[in-house]
Amino acid sequence: MTSLKDHLLNTCNSMYKTALTNCKSDFVDRDSCFWYHSIWQYLRVLDCVSSPDWHKDFYIQAIKKYINKNNINQINILISGCADNSMLYVVVLALSQMIVEQSKLTGKIVAVDLCDTPLIVCRNWWANAKKCGEYYDFDRVFQNFEFLTVAKDIFTYSNEHFNLIITDAFLTRFPKDTVLSLLQHWKTLLYTSGQIITTVRLHTEPSVSLNERCSQIVDFVKKVTERYTDYQDQFSMSRAQIKYKAYTYAVKMDSHSLGNADEIMNMFKQCFKIVHYNDNKTQGELTPAVYGQYVLEKEYEG
């Protein structure tokens, strides 16, 4: 079984090249997201930024639990905001395990993102993996499932309905007063009893001074360049490029605070029934961080 890190190593160089010609506006930057997507998979390989890998067991178990609970043979899954092909990999991994138990399981996976870059990386990986057989454990998923990508603002996407919407640390890309609107829109895309499976960073730490922030950025760049040494023969980006881009990422990336665990829970309850919550301590990006792992369910509205 190919690990997520090996999976990323297979595509990080091609994602950088794709970003050179395809990046445009995104939720992280309305002018250009090249600074973000061009280094994103390198930073994930180096385990320096948030990743579905930090919560892989949670995602896999939540997907399998939903299928078993509802005893379904067909499932539609939406990946809302994908950043790269990591979440697609985790979804396919979960489905490959499920197909061992339910051989007739079929369905559709749709990835929606504003920028073409992550969508192209997802499409290329799906097509190449399906053709070359390197991911042989996933063969049944490639045969039984359709995969589509949509370059669109998720707020304006309303083409079809889904059993599951899955996304990793996506909500903190938005200001708090916008998140409720996104939750309500996601709700319109779900079938009754459909679920949201997601993670959210919990913000409980006090604000930091400018000097502390600068120190965090310096430490982040140092961590990236030190870990780069182990992969320099596999990356098409030089140490100087990595260092510059890591600095740019640390300065420009903005993660909005949605509050502490209680505040986030109260916001979710306005739209969904909360069927699972757990907090997960991670190394974080610039500093250690705690993420909430959530499964939210759309209830019947008679």
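Up top you'll find the structure we're talking about.
Residues numbered from 1 in each chain as written. Predicted model: local features only at pLDDT ≥ 70, side-chain atom pairs only at ≥ 80, totals over all residues. Heavy atoms only, no water.

Visitor: Would you mind showing me how to read the overall build of the protein here?
Guide: Helices and strands together make up the secondary structure of the protein, namely 10 helices and 7 strands. Here the C-alpha radius of gyration of the protein, 19 Å, is about what a compact globule of 302 residues would show, namely 19 Å. Considering only C-alpha atoms, the protein reaches an extent of 55 × 45 × 30 Å along its principal axes. In the protein, which comprises 302 residues, the proportion classed as buried is 57%. For the protein, the share of sequence-separated contacts (at least 6 apart) that also reach a separation of at least 24 residues comes to 80%. As displayed, the protein offers around 13300 Å² of accessible surface, 46% of which is attributable to carbon and sulfur atoms. (Helix = DSSP H or I, 4+ residues; strand = E, 2+ residues; numbered from the N terminus. Rg over C-alpha atoms; globule rule 2.2 N^0.38 Å. Buried < 20%, exposed > 50% of the residue type's maximum accessible area, 1.4 Å probe, protein only. Contact = heavy atoms within 4.5 Å. Areas by Shrake-Rupley, 256 points an atom, 1.4 Å probe, with all protein chains shown as cover.)

Visitor: How should I be thinking about the nonpolar core in this particular structure?
Guide: Considering soluble globular proteins, one finds that nonpolar side chains tend to be buried as a cluster. In this structure, Leu-95, Ile-109, Trp-125, Trp-126 and Phe-235 are the most contacted members of the largest nonpolar core, which totals 75 residues. Discounting chain neighbours no more than four positions away, the residues touching Ile-109 are Ile-77, Ile-79, Leu-88, Val-91, Val-92, Leu-95, Trp-126, Phe-145, Glu-146, Phe-147 and Leu-148. Membership of the second largest hydrophobic core comes to 30 residues, among which are Val-112, Ile-154, Tyr-157 and Phe-162. (Core = buried A, V, L, I, M, F, W, Y, C linked by side-chain atoms within 4.5 Å.)

Visitor: Before we go on, may I ask you to explain the sheet that holds strand β7 (residues 289-297) in this structure?
Guide: Pairing between the strands of a sheet is mediated by backbone hydrogen bonds and can be parallel or antiparallel. On the basis of which strands lie adjacent, the open sheet formed by 7 strands has the order β3-β2-β1-β4-β5-β7-β6 and mixed pairing. Here the strands that pair on one side only, and so sit at the sheet edges, are β3 (145-151) and β6 (273-282). Here the strands of the sheet are splayed against their neighbours by 15 degrees on average, with no regard to which way each runs. The strands touched by helix α3 (residues 56-70) within the sheet are β1 (74-80), β4 (162-168), β5 (190-202), β6 and β7, with β5 carrying the most contacts at an inclination of about 165 degrees. (Pairing = 2+ DSSP bridges. Axes fitted to C-alpha atoms, helices over the stretch in contact; angles between N-to-C directions.)

Visitor: How should unusual backbone geometry be read in this particular structure?
Guide: In terms of backbone geometry, most residues other than glycine have negative phi values and most peptide bonds are trans. Despite not being glycine, Asp-47 shows a phi value in the positive range, around 55 degrees. Using a relative accessible area of 28% as the deciding quantity, one classes Asp-47 as partly exposed.

Visitor: Would you mind showing me how to read the packing of helix α1 (residues 4-22) against helix α4 (residues 86-101) here?
Guide: Helix-helix packing is characterised by the crossing angle of the two axes and by the distance between the axes. Two elements in contact, α1 and α4, have axes whose closest approach is 10 Å; the angle formed by their N-to-C orientations is 135 degrees. In terms of axis orientation, α1 runs oblique to α4. In terms of crossing hand, the pair formed by α1 and α4 is right-handed. Every residue of α4 that contacts α1 at Leu-4, His-7 and Leu-8 is listed here: Ser-86, Tyr-89 and Val-90. A class-by-class count of the residues in the contact of α1 with α4 yields 4 nonpolar, 2 polar and no charged. (Parallel < 35°, antiparallel > 145°, perpendicular 65-115°, else oblique. Left-handed = near helix turned anticlockwise from the far one by under 90°. Nonpolar A, V, L, I, M, F, W, Y, C, P; charged D, E, K, R; others polar.)

Visitor: I would appreciate a short explanation of helix α5 (residues 116-132) in the present structure.
Guide: The periodicity of an α-helix, 3.6 residues per turn, causes residues three or four places apart in sequence to face the same way. For α5, which comprises 17 residues, the first-to-last C-alpha distance of 24 Å matches the rise-based estimate of 24 Å (1.5 Å per residue) to within 8%. Residues Thr-117, Pro-118, Leu-119, Ile-120, Val-121, Cys-122, Trp-125, Trp-126 and Ala-129 constitute the buried set of α5. Where α5 is buried, its residues touch α1, α2 (34-45), α4, β2 (106-113), α6 (139-144) and β3. Gly-133 sits one or two residues past α5 and shows a positive phi near 80 degrees. (Expected span 1.5 Å × (residues − 1).)

Visitor: Just checking my understanding: could you explain the pattern of salt bridges for this structure?
Guide: Where charged atoms of side chains with opposite charge meet at close range, the side chains can pair. As enumerated under the stated definition, the model contains 7 salt bridges in all. Asp-84 is paired through a salt bridge with Arg-44; the nearest N and O atoms lie 2.7 Å apart. Of the two residues, Asp-84 sits in the loop between β1 and α4 while Arg-44 sits in helix α2, which places them 40 residues apart along the sequence. One exposure class covers both Asp-84 and Arg-44, and it is buried. For Glu-297, the salt bridge identified is with Lys-69, shortest N-O distance 3.2 Å. A residue pair is termed long-range when its members are at least 10 positions apart, and Glu-297 in strand β7 and Lys-69 in helix α3 qualify at 228 residues. Accessibility expressed as a relative area gives 9% for Glu-297, which makes it buried. Under the relative-accessibility criterion, Lys-69 is labelled exposed at 55%. Within the structure, one salt-bridge network assembled from shared partners comprises Arg-44, Asp-84 and Asp-168. (Salt bridge = Lys/Arg side-chain N within 4 Å of Asp/Glu carboxyl O.)

Visitor: Which parts of the structure should I look at to understand helix α10 (residues 261-269)?
Guide: Within α10 the residues assigned to the buried category are Ile-264, Met-265, Met-267 and Phe-268. One face of α10 carries all of its buried residues, which in axial projection span an arc of 160 degrees. Turned more than 90 degrees off the buried face of α10, the exposed positions are Asp-262 and Lys-269. Turning to α10, the residues buried within the fold contact α7 (176-189), β5, β6 and β7. The residue sitting at the N-terminus of α10 and contributing the capping side-chain oxygen is Asn-260; that oxygen lies 3.1 Å from the backbone nitrogen of Asp-262. (Arc of directions from axis to C-beta. Polar contact = N/O pair within 3.5 Å; in protein donor to acceptor, adjacent residues only side chain to side chain.)

Visitor: Sorry, what's going on with the packing of aromatic side chains here?
Guide: In this description, an aromatic ring pair is defined by two values, namely the gap between the centres and the angle between the planes. This model, assessed by the stated rule, comprises 25 aromatic pairs. A ring pair is formed by Tyr-135 and Phe-138, whose centres lie 5.7 Å apart and whose planes are at 20 degrees; its orientation type is stacked. With a relative accessible area of 6%, Tyr-135 lands in the buried category. You can call Phe-138 buried: its relative accessible area is 1%. (Phe/Tyr/Trp six-rings, centres within 6.5 Å; stacked < 30°, edge-to-face > 60°.)

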